[in-house]
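# Coordinates in review
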Amino acid sequence: MDDNMSVSFRKQLLMINEHLGTEEVEALKFLCSDLLSFRQLEAVKSAQDIFQFLMTKDFLNKKDTFILAELLYRIRYHSLLQDLGYTKEEVRENLCHKGKVSNYRQMLYELSEDITREDLQRAMFLLRDKLPKKLTSMQSCLELLTFLEKQALLAENNLQTLEKICEDISPDLLAIINKYKMERVSVQESSLSANSAASFSHHRLGQFHSGGDVGLLISSQETPVKSLGSKIYESYSSESGSLREHVESVHFIAARQDDKAVNVTHGISELREAQPARTSDPENKIEKPIIYKMDGPHRGYCLIINNSNFIGTLQERRGSCKDAESLARVFTWLGLDVKTYPDQTSVEIENLMQEWRTWNDHRDRDCFVCCILSHGESGSIYGADEQEVPIRRIMSYFTARQCPQLAEKPKLFFIQACQGKEIQQAVYIEADAQNPDLLPIQQRVSPSESIPEEADFLLGMATVDGYASFRHIQQGTWYIQALCNKLQLLVPRGEDILSILTEVNEDVSKRADNLGRKKQMPQPAYTLRKKLIFPVPRNPPPLQQQ
């Protein structure tokens, strides 16, 4: 019986190993840096090697798999937790007393996830004198952090070099380091208080038992207090002034009170607090999230309308082709059939919506996605003829009445367009708006008013109403590039679409123009009734294939 359990346990580890790619293995190695020796980590070629080393040190065995659950939780591969018999909530609750990864290691890993490729290149340039020639083209931030630790330039009590790098490449990153430092001070104070109390108790008990043969043995060494470093911030109070001021300056026009079917997320915080519909299993008494069915023979269609050139006075949207190509690669990877339509007039856009509304193949598809890249104003986008098309009208073609084949299926719309004010751009930055003046309040249309008043819609807007969105003329828009990157990173980890869009919000909110003055905040709105989780593709993400 015990042999059968052992074989079953190893089969379980092999299955998990097959789901983890090169990036995940590097992340696991980094998180285990304090648990395994340098020689062991150097020998790691796959996740399977890490599991074996953890078993050798008795961190992992068939009766206690929590260390593996913790590691999967840290790299946000939540879809694999159920294979170990855990839920995300159970792991989070047990981390404070069963977790093995230090707060210091967590902080560094969290920092690495927020450092972009451009940030990494700037950091390597700043450290060029300290880097050997063979390491001047590091591919990941974890590689750089590991190098700094090996050179004694980075340690739990030596963060000066890291802080200087973050201050130079992206000051917003200092919030993560400051949060860790505050937690460390809090833990040290708690530990000192506990030790003082223990010392006092020992002294008092010694007075009572000093004359007898029997005494109470009290250790003056207390178990160190571990503080849980949460991945998700409840507030941005420790963020730098510029970001905090930007977030506070974002205005959201709330949905009307009589909008019965509209559930709108007000920026980052409410998306994080949003709870999916859940159902209870009376037999096991375990609540399970209700998830949209995404296992049909065909995933669905993805339309990409890419308006780069305009007939009149609107500027060419240079860099938009980069967005269209990225979207096509990512949604093809996710299993959708992608159709791209360049430079569509307002009439052609409506004709396309009419055509796809009546497409019979929707019946055998799991979902529908539509991405529109154009100039825009509040509540609308521009056709190539510079005529406005209301976003609400575009989405209304796919209501249950207009398109019964998509009834009760998720319909996702991603809009990359300004929704108001054009901002004076810095070098390589352009704004996707026409009018330089901010639209009057009464003319603005919030995303909640653009969504049809029925279930199963999601609208991802590049920016909040009344604000500009930004586009790099070579690398594409901040929003679409962040969306594509986060889909590739988080779909393999089993994250749902709302969690992914929360990460997109955080990514875009930390970007700025060359002078650090221009900011952007995306805004999702939705009437989804269930969690939407894309199945994990068999092929690696497009980024890993390049």
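Above this text you will find the structure in question.
Now for a look at the structure at hand. Everything numeric here is computed off the predicted structure, so don't read it as measured data.

Cut-offs used in this document
- Residues numbered from 1 in each chain as written.
- Predicted model: local features only at pLDDT ≥ 70, side-chain atom pairs only at ≥ 80, totals over all residues.
- Heavy atoms only, no water.
- Pairing = 2+ DSSP bridges.
- Helix = DSSP H or I, 4+ residues; strand = E, 2+ residues; numbered from the N terminus.
- Polar contact = N/O pair within 3.5 Å; in protein donor to acceptor, adjacent residues only side chain to side chain.
- Buried < 20%, exposed > 50% of the residue type's maximum accessible area, 1.4 Å probe, protein only.
- Right-handed = clockwise from strand over helix to strand, strands pointing away.
- Core = buried A, V, L, I, M, F, W, Y, C linked by side-chain atoms within 4.5 Å.
- Contact = heavy atoms within 4.5 Å.

## Focus on the sheet that holds strand E7 (residues 376-377)
- Read from one edge to the other, the open sheet built from 3 strands follows the order E7-E8-E9, with strand pairing classed as antiparallel. Because the sheet does not close on itself, it has two edges, and the strands there are E7 and strand E9 (388-390).
- For E7 and strand E8 (residues 380-382), the ladder comprises 2 bridges, and the chain directions are antiparallel. Note that in E8 the partner of glutamate 377 across the bridge is serine 380.

## Observations concerning the side chain of threonine 502
- When you line up the elements, threonine 502 lands in helix H19 (residues 497-509).
- Side-chain polar atoms of threonine 502 contact the backbone oxygen of leucine 498, separated by 2.9 Å.

## Considering the pairing of strand E4 (residues 298-306)
- Among the 9 residues that make up E4, 8 are buried, leaving the element largely enclosed by the rest of the structure.
- Pairing analysis gives 8 bridges linking E4 to strand E6 (residues 365-373), with the strands arranged parallel. Paired with tyrosine 301 across the strands is phenylalanine 368, a residue of E6.
- In this structure, E4 lies alongside strand E5 (residues 337-342), joined through 6 bridges in parallel fashion. Bridged to cysteine 302 within E5 is valine 338.
- You can see the chain leave E4, run along helix H14 (residues 320-333) and come back into E5, and the turn it takes is right-handed.

## Regarding the nonpolar core
- Core analysis: the largest hydrophobic core is formed by 65 residues, its most contacted members being Leu20, Leu60, Leu72 and Ile75.
- Top element by residues in this core is helix H5 (residues 66-74). It accounts for 7 residues.
- When neighbours within four sequence positions are excluded, leucine 60 is seen to be in contact with Phe9, Leu13, Phe51, Leu54, Met55, Thr65, Ile67 and Leu68.
- One finds Ile304, Phe414, Cys484 and Leu532 within the second-largest nonpolar core, a separate group that totals 39 residues.

## Concerning the environment of threonine 340
- Tracing the chain through its elements places threonine 340 in strand E5.
- Taking the relative accessible area as the measure of exposure, threonine 340 reaches 42% and is therefore partly exposed.

## Structural notes on unusual backbone geometry
- For arginine 76, which is not glycine, the phi dihedral falls at a positive 60 degrees.
- Of note, arginine 76 is situated in the loop between H5 and helix H6 (88-98).
- You will see that glutamate 408, though not glycine, has its phi angle at about 65 degrees, which is positive.
- Positionally, glutamate 408 belongs in the loop between helix H16 (391-396) and strand E10 (411-416).

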